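Analysis of the macromolecular model
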Amino acid sequence: MTEIQDGLWMSIPVPAILLDGKDRIVGMNPAAESYLNSSARQSFGLSAFDAFATDAPMSEHAARVRREQAPLFMNNMNVVTGDNAAERCDIKLAPMIGTSDHLVMLVEPRFVRERLNQAMSGNSAARSAIGMAEMLAHEIKNPLAGITGAAQLLGMNLVKDDLALTDLIVSETRRILGLLEQVEQFGNLRPPVCRAVNVHDLIVRARRSASVGFAAHMELVDEFDPSLPLVWVDEDQMLQVFSNLLKNAAEATGGSPGRILIRTFYDTSSKIRRNGRMTGLALNVEIVDDGPGIPPNILPGIFDPFVSGRENGTGLGLALASKIVSEHDGWITVDSTPGRTVFRLSLPAAPKDQQQ
């Protein structure tokens, strides 16, 4: 693809999947990765119709599109991904120009259409913004550092009233630098290097840092299952996930005292369909806060970049957590009502030969 074509593909605001002549996935846009909770790399070569189930003979429809070289629209269909409940979607299949057998498939959940009708909530804007931010972050950080240094030098020779202005410049540029560092971290996340880890050790480390920092005003409560097996994760990356979720829970109260419950448990019914088969994710971690809850209008896209329910929120903490969990072949979900918001992580246990 050319740069413009690649940008167009990445900016499509609904899940878009490229199929080869045998209905295998050979490409996905970011919206499809989010929808299937699987990266394009993980899904490459898998049967598209193993990734999700529908109430229509999709292989037959795909063969018809190839034979007639004409698009096919299927509206208001039931679609199931993993163990999720069925949702109504519109599916579009079209032959890819310049090939004899490749197809482009668009899957449009009905709730996405509703969100696209709202001016600032479409995925396209978020994807375009994160792509631009990744490219410009480094270049922007350099002049910001210069502005900070200049303001600090000016402040050395100013009277008290003027000094407040230079302090404001310094604090605001540092805030922007922090945001850019989050953007760079989101865009440059390395593949996880997994090993067998006690998940409770990671939680305790994250909780200890939170209790003396951003969650000092919160009561932190543990309910650990001591019989849990070791989890198969990248220690540093999963520590980042727990820290981000605890920070999100602590900020939910707006600075007022509150309670955060951290619960671990084993659930053999937790499964996800990947690589054409069901995989068990029996090791679960829940982080529960008693804040006001996530606004219903942003709940469906809460893991998208730049989607935040708080004033001055960056909307990158949960997006990064979701990306890391997906790279670990795990699953993250949220359930929120006023007074109770639950983020659940379902993670793979370490292989039996790695359990100690």
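A brief look at the structure comes next.

Here the focus is the overall build of the protein. When its secondary structure is counted, the protein shows 11 helices and 15 strands. When each of the 356 residues of the protein is scored for burial, the buried share is 42%. For the protein, the accessible area works out to roughly 18,300 Å², and carbon and sulfur atoms hold 55% of it.

Turning our attention to the packing of aromatic side chains. In the structure shown here, the tally under the stated rule is 1 aromatic pair. Plain terms: the ring middles of F303 and F343 are 6.1 Å apart, the flat faces sit at 80° to each other, and that makes the pair edge-to-face. Of this pair, F303 sits in the loop between β13 (283-289) and α11 (317-327) while F343 is found in strand β15 (residues 340-347), placing the two residues 40 residues apart along the sequence. Pair check on accessibility: F303 and F343 agree, each one buried. Its end group placed over the ring of F265, R263 keeps NZ or CZ at 4.1 Å from the ring centre.

What follows is about the nonpolar core. Counting residues in hydrophobic clusters, the biggest one holds 37 residues, and the most contacted among them are V199, M238, V241, F242, L245, I260 and L345. Counting only elements with at least two residues in this core, the list comes to α9 (199-211), β9 (231-233), α10 (235-251), β10 (258-266), β13, α11 and β15. Sorting elements by how many residues they give to this core places α10 first, with 8 residues. With residues up to four places along the chain from it excluded, the contact list for V199 reads L228, V231, F242, L283 and V285. By size, the runner-up hydrophobic cluster in this structure holds 25 residues, among which are I17, A51, A56 and M77.

Parameters and conventions
- Along each chain, numbering runs from 1 in the same order as the chain's sequence is written.
- Local features in a predicted model are, by the rule used here, given only for residues with pLDDT of at least 70; side-chain atom pairs are given and counted only at 80 or more, and totals for whole chains, interfaces and linings are based on all residues.
- For side-chain calculations, the full set of non-hydrogen atoms in the structure is used, while hydrogens and water are omitted.
- A helix here means a DSSP run of H or I that spans at least four residues, while a strand means a run of E at least two residues long, and both kinds are numbered starting from the N terminus.
- Here's how the labels work: a residue is buried when its accessible area is under 20% of the maximum for its type, exposed when over 50%, partly exposed in between, all with a 1.4 Å probe on protein chains only.
- Residue-level accessible areas treat just the shown protein chains as cover; the underlying method is Shrake-Rupley with a 1.4 Å probe.
- Each Phe, Tyr or Trp ring (for Trp, its six-membered ring) is paired with any other whose centre lies within 6.5 Å, and the angle between the two planes then decides the class: stacked below 30 degrees, edge-to-face above 60, tilted in between.
- For a lysine, the NZ atom is tested; for an arginine, the CZ atom; a charge sits over a ring if that atom is within 6 Å of the ring centre and within 35 degrees of the ring normal.
- In these notes, a set of buried Ala, Val, Leu, Ile, Met, Phe, Trp, Tyr and Cys residues joined through side-chain atoms within 4.5 Å is what counts as a nonpolar core.
- By the convention used here, residues are in contact when the closest approach between their heavy atoms is within 4.5 Å.

These values are about where atoms sit, not about what they do.
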